[in-house]
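Chain by chain, the residues:
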Amino acid sequence: MIEGPFFVLVVLGALWCGVAAGVFVAFSTFVMRGLGALPPARGIAAMNSINVAAVTPAFMIVFLGAAALCAVIAVVTFVLWPDEGTVELLLGCVLYLLGTFGVTITANIPRNDALAKLAGAEEAESSAAYWRTYLSEWGMWNHIRGGAALAASASFVLALT
């Protein structure tokens, strides 16, 4: 059984990953649909504004905090190697670090950077074409990172049971 400070750490990891999952699920279920319903120029401008606003302490504490907790949980798991829950703990860490953090860095952020380069040219047909691609691709990767964060949270909860 996981006890003491490690128990608290895993509970925090489950909660933090769950909050991150909630943000990504919100984007997948209604934010991106709402942006996609706008004319492309307005959708591009709105998403660029959201991407700038997202880099705030509140979101970064959730997103990077969950990654830091997962890294710490992985190290502590390897050091303590608990009798129960080891697989679930390590799986939760991998799911968040690769499936959420890794996907964000390798898939979502590069698409955000490309979208930011369209600022000032939102009315161009090439911008509208990229916007349609962006919505599809960014959305798919967002589903993956949201699902990975939710699965990481669930995995941590299972490790505690």
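Our subject is the structure that appears above.
Residues numbered from 1 in each chain as written. Predicted model: local features only at pLDDT ≥ 70, side-chain atom pairs only at ≥ 80, totals over all residues. Heavy atoms only, no water.

Engineer: Which parts of the structure should I look at to understand the side chain of T104?
Structural biologist: For T104, the location among the structural elements is in helix α4 (residues 86-116). A relative accessible area of 4% means that T104 is categorised as buried. Apart from residues lying up to four places away in sequence, T104 is in contact with F63, I109, P110 and R145. (Helix = DSSP H or I, 4+ residues; strand = E, 2+ residues; numbered from the N terminus. Buried < 20%, exposed > 50% of the residue type's maximum accessible area, 1.4 Å probe, protein only. Contact = heavy atoms within 4.5 Å.)

Engineer: Would you mind showing me how to read the pattern of salt bridges here?
Structural biologist: Side chains carrying opposite charge are able to pair once their charged atoms draw close together. Applying the stated criterion to the full structure yields two salt bridges. One salt bridge connects R111 with E137, and the closest N-O pair in it is separated by 3.1 Å. With R111 in helix α4 and E137 in helix α5 (residues 125-160), this residue pair connects regions lying 26 residues apart in the sequence. Residue classification places E137 among the partly exposed residues on the basis of a relative accessible area of 31%. Of the charged contacts, one joins E125 and R132 as a salt bridge, the two residues approaching to 3.4 Å between their closest N and O atoms. Taking the relative accessible area as the measure of exposure, E125 reaches 55% and is therefore exposed. (Salt bridge = Lys/Arg side-chain N within 4 Å of Asp/Glu carboxyl O.)

Engineer: When you look at the nonpolar core in this model, what are you seeing that I'm missing?
Structural biologist: One recurring pattern in soluble globular proteins is that nonpolar side chains are buried together. Ranked by internal contacts, the top residues of the largest apolar core, which has 27 residues, are F6, C17, I73, L89, Y96 and F156. Among the elements of the structure, α1 (4-36), α3 (57-80), α4 and α5 are those that each provide at least two residues to this core. Per-element accounting of this core gives the leading share, nine residues, to α3. Residues within four places of F6 in sequence aside, it is in contact with I73, V76, T77, L80, P82 and L89. (Core = buried A, V, L, I, M, F, W, Y, C linked by side-chain atoms within 4.5 Å.)

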